[in-house]
Structures are given as structure tokens and as C-alpha cells.
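One letter stands for each residue in the lines below.
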Amino acid sequence: MHPLLKLKADVDRTHPGLGNAIAFCAMATKADRTILVVSPAGSGKSTISKVVGDMLPDTFFLDWVTK
């Protein structure tokens with residue numbers, strides 16, 4: 001199984017629906033692209049940041065940006 005598919009399945013097991021977003025963020029980060037995740041409170045933005053940050057320690061991310 002491809003590592004991104006395994007990551008998606010592992011994340012969906014504990015956080016249903018977030019696997020695709022984390023896989024996408026991981027791919028974009030590896031490609032040196034910027035990701036902006038905008039969604040309502042409680043939808044998993046911090047979880048995505050933490051998972052991608054743990055997977056790719058050389059990344060820079062802002063945990064919270066408020067208006």
C-alpha cells in the first residue's frame with residue numbers, strides 16, 4: 001500500500017474525514033507549497049497541522065491566525 005493511502009486510512013480511523021486533507025497537506029508540503037486550511041472551529045485544522053508537522057519536522061506552520 002502506498003504510504004499516503006496508509007496515512008489516510010490511519011488518520012480516518014481516529015479522525016473520520018480528515019485523512020484526505022492530511023494526505024493533501026503532506027504532498028503539498030513535500031512539494032514546497034503553501035497550504036491555507038480554512039474551516040469552522042472543531043473541524044480538525046490543528047490536528048492536520050500537528051500531524052504534518054510531526055511527519056515533516058523541517059516545515060513551518062502557524063497554529064492559529066485570527067482576524
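Here is a short report on the structure shown in this document. (Residues numbered from 1 in each chain as written. Predicted model: local features only at pLDDT ≥ 70, side-chain atom pairs only at ≥ 80, totals over all residues. Heavy atoms only, no water.)

**A look at the overall build of the protein chain**
Stated formally: Numbering of helices and strands starts at the N terminus; helices are DSSP runs of H or I of at least 4 residues and strands are runs of E of at least 2. Classification of residues uses two cut-offs on accessible area relative to the type maximum, computed with a 1.4 Å probe and protein chains only: under 20% is buried, over 50% is exposed, and between them is partly exposed. Between two residues, a contact is recorded if the distance between any of their heavy atoms is within 4.5 Å.
Within the protein chain, the regular secondary structure consists of three helices and zero strands. Beginning at the N terminus, the succession of helices and strands in the protein chain can be written as α-α-α. Residues classed as buried in the protein chain amount to 24% of the 67 residues present. Contacts in the protein chain between residues at least 24 apart in sequence constitute 39% of all its contacts with a sequence separation of at least 6.

**Overview of the pattern of salt bridges**
Filter applied, for reference: For salt bridges, the criterion is a side-chain nitrogen of Lys or Arg within 4 Å of an Asp or Glu carboxyl oxygen.
Tallying each qualifying case throughout the model produces three salt bridges. The closest approach of N and O atoms between K6 and D10, which form a salt bridge, is 2.8 Å. Of this pair, K6 and D10 both sit in helix α1 (residues 3-14), separated by four residues, roughly a single helical turn. Across the pair R13 and D10 runs a salt bridge, and its minimum N-O distance is 3.2 Å. Highlighted residues: R13 and D10, both in helix α1, separated by three residues, approximately one helical turn.

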